[in-house]
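Coordinate analysis (summary)
In case you want the letters, here they are:
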Amino acid sequence: MTAQLVSSSKPRILTGDTPTGSLHLGHWVGSVKRRVELQDSHECYFLLANMHAFTTRSEDPLGIRRDTIEIVRDYLAMGIDPNKAAIFLQSEVPAIAELTFLFAMLLPFNRVMRNPTLKTELELKGLSEKFSFGFPLYAVGQTADILSFRPVGVPVGEDQVPHLELTREVARRFNQMYCSVPTDAEDEDHEKLGGVFPVPRADVGRVGRLVGIDGKNKMSKSLGNAIFISDSPKEVQKKVNKIFTGRQSATEPGDTSNALFQFVDCFIADEARVAELKDRYSRGDNIGDGHIKAELSEAINALLTPMRERRAQFEGRDDLIVDIVHDGTARANRLTEQTLLRAKDAVGLKFWPRTLAM
Ligand code: TRP
């Protein structure tokens, strides 16, 4: 668990999560699987947005702390390797907070409030006129989360794209205002022309929206329709058996785009087998939902078994998790302190160097 990756020549990426609770199969399909794949070819930074968690949950600091540790346990279980990727705490990277303040000056207030992701969240959470001053500030903060690392790309879901647009605007404006990058410069050329920040792209993967076991809504902890990474084999079986299709009998021609088959497509790897199941199901060739569910449970449990084994090493070992996050945060600080110094230099705020001891 050392710092071997700090000056890697691999392309650098950053992404993160706000800690809201245990991770489930929807997280795996939608983003974590991809991160596990990227960690060999990329220099990876994974941010625990524990400060952002305070925007809507400031009355529950202990819950935020618990969820922050839990998300790391799930990352490790799913195969994120702390020797490759740096997992770090937003709250312990001061460069992020300092850049947030500077970047807040580069964005008109109304521009921040026009962000559709913010608007949706305000509606969904019923915050309308009651939101804190800090709530919209998180969108500015997210531009600093990203730009502190000067990444080439940010792997995210569709819902985060507006945040990336704001980030790209901040990078351009900063480079133009303080680094003499011409206003007509191409995004790819900003660093070459002396800009401190690259203009990073949103790297939106093949949309992996997994339906929940209710067969209707997106899988989500709060809707009670999730299969968690930490569920036991029995629990998985029980939950899979609940997946709702509405089909009556094994001889009724079935719809292979139903919820059950969305799971089959995600978790049964053998394509020939999937094709065969679909063929028989659609013809009502004496194949019941129960049969498909048994194969599906087995496939999900085969995916989760190594995750359970890795998880077991960290069960009740918050000390190990804190060590890993400490190491990742130290790496994050080495990089972001460099960025911060360059940014301060550009805006005339560089007076003397500093070192952060952790
Ligand atoms: N807003 C993201 C979410 O809720 C979490 C996040 C914070 C993030 N900072 C980030 C994601 C920087 C990508 C990059 O899921």
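Computed from a predicted structure; not experimentally measured.

Quick look at the site of the ligand
As a structural note, the neighbourhood of the ligand is formed by 13 residues, with Thr18, Leu47, Gln142, Asp145 and Gln160 the closest of them. At 3.0 Å from an oxygen atom of the ligand is found a side-chain nitrogen or oxygen belonging to Thr18. About the coverage of the ligand: the protein hides 86% of its 370 Å² of free accessible area. Contributions of two or more residues to the shell around the ligand are made by strand 1 (12-17), helix 7 (134-147) and strand 4 (153-156). A per-class count over the shell around the ligand returns six nonpolar, six polar and one charged.

Observations concerning the confidence of the model for the protein chain
Across the protein chain, pLDDT averages 94, with 97% of residues at or above 70. Here residues 1-5 scores under 50 on pLDDT; set against residues more than four positions off or in separate chains, the count is 13 contacts.

Thoughts on helix 6 (residues 116-124)
Among all positions of helix 6, only Thr117, Leu118, Glu121 and Leu122 are buried. Projection of helix 6 onto a plane perpendicular to its axis shows the buried side chains occupying an angular sector of 135°, all on one side. Turned more than 90 degrees away from the buried face of helix 6, the exposed residues are Glu123 and Leu124. Residues of helix 6 that are buried make contact with helix 5 (109-113), helix 7 and helix 8 (161-179). Between a side-chain oxygen at the N-terminus of helix 6 and the backbone nitrogen of Thr117 the separation is 2.8 Å; the capping residue is Asn115. Directly after helix 6, the chain includes Gly126, whose backbone phi takes a positive value near 60°.

Details of the pattern of salt bridges
Considering all chains together, one arrives at 32 salt bridges under this definition. Taking the shortest distance from any N to any O, the salt bridge between Glu70 and Arg311 comes out at 3.1 Å. Placement of Glu70 in helix 3 (residues 61-78) and of Arg311 in helix 12 (residues 289-312) is noted, with a sequence separation of 241 residues between them. Its relative accessible area of 18% is what places Glu70 among the buried residues. On the accessibility criterion, Arg311 (6% relative accessible area) is buried. In this structure, the salt-bridge partner of Asp319 is Arg317, at a minimum N-O distance of 2.7 Å. According to the relative accessible area criterion, Arg317 is partly exposed, its value standing at 35%.

What about the nonpolar core?
Leu25, Ile227, Ile229, Phe263 and Ile300 are the most contacted members of the largest nonpolar core, which has 51 residues in total. Listing elements by their share of this core, those giving two or more residues are helix 1 (25-38), strand 2 (43-48), helix 3, helix 9 (233-242), helix 10 (259-267), helix 11 (271-283), helix 12 and helix 13 (318-346). Looking at this core element by element, the count peaks at seven residues for helix 3. Taken domain by domain, the makeup of this core includes at least three residues from each of domain 1 (12-209 + 317-347) and domain 2 (233-311). Once residues lying within four places of it in the same chain are set aside, the contact partners of Phe263 are Leu210, Val211, Gly212, Ile213, Met219, Ile227, Ile243, Ile268, Leu296 and Ile300. Core analysis: the next-biggest nonpolar cluster, separate from the first, contains 42 residues, Phe88, Ala139, Leu147 and Ala332 among them.

Here's the deal with unusual backbone geometry
Trans peptide bonds make up the majority, and among non-glycine residues the majority have a negative phi. Within the chain, Arg150 stands out as a residue other than glycine whose phi angle is a positive 40°. With respect to the helices and strands, the residue Arg150 is situated in the loop between helix 7 and strand 4. Phi is positive for Asn286, which is not a glycine, with a value near 50°. Relative to the helices and strands, Asn286 is located in the loop between helix 11 and helix 12. Asn286 sits in the exposed class, given a relative accessible area of 56%.

Quick notes on the packing of helix 4 (residues 94-104) against helix 7
Put simply, helix 4 and helix 7 touch, their axes get as near as 8 Å, and they point 120° apart. Here helix 4 lies oblique to helix 7, going by the angle between them. The chirality of how helix 4 crosses helix 7 is right-handed. Of helix 7, the residues touching helix 4 (which contributes Ile96, Leu99, Thr100, Phe103 and Ala104) are Leu137, Val140, Gly141, Thr143, Ala144, Asp145 and Leu147.

Structural notes on the packing of aromatic side chains
Each pair of aromatic rings is reported with the distance of its centres and the angle of its planes. Inspection of every chain in the model, using the stated rule, returns 12 aromatic pairs. With a centroid separation of 5.6 Å and an interplanar angle of 75°, the aromatic rings of Phe103 and Phe197 are classed as edge-to-face. Of this pair, Phe103 sits in helix 4 while Phe197 sits in the loop between helix 8 and strand 5 (201-204), and the two are 94 residues apart along the sequence. According to the relative accessible area criterion, Phe103 is buried, its value standing at 0%. What makes Phe197 buried here is its relative accessible area of 0%. These aromatic residues form a ring-pair network of at least three members: Phe103, Phe174, Tyr178 and Phe197. Of note, Arg35 hangs over the ring of Phe46, and the distance from its end group to the ring centre comes to 5.3 Å.

Scoring rules and cut-offs
Residues numbered from 1 in each chain as written. Predicted model: local features only at pLDDT ≥ 70, side-chain atom pairs only at ≥ 80, totals over all residues. Heavy atoms only, no water. Near = heavy atom within 4 Å. Polar contact = N/O pair within 3.5 Å; in protein donor to acceptor, adjacent residues only side chain to side chain. Areas by Shrake-Rupley, 256 points an atom, 1.4 Å probe, with all protein chains shown as cover. Helix = DSSP H or I, 4+ residues; strand = E, 2+ residues; numbered from the N terminus. Nonpolar A, V, L, I, M, F, W, Y, C, P; charged D, E, K, R; others polar. pLDDT = per-residue confidence, 0-100. Contact = heavy atoms within 4.5 Å. Buried < 20%, exposed > 50% of the residue type's maximum accessible area, 1.4 Å probe, protein only. Arc of directions from axis to C-beta. Salt bridge = Lys/Arg side-chain N within 4 Å of Asp/Glu carboxyl O. Core = buried A, V, L, I, M, F, W, Y, C linked by side-chain atoms within 4.5 Å. Domains from an automatic or database assignment. Axes fitted to C-alpha atoms, helices over the stretch in contact; angles between N-to-C directions. Parallel < 35°, antiparallel > 145°, perpendicular 65-115°, else oblique. Left-handed = near helix turned anticlockwise from the far one by under 90°. Phe/Tyr/Trp six-rings, centres within 6.5 Å; stacked < 30°, edge-to-face > 60°. Lys NZ or Arg CZ within 6 Å of the ring centre and 35° of its normal.

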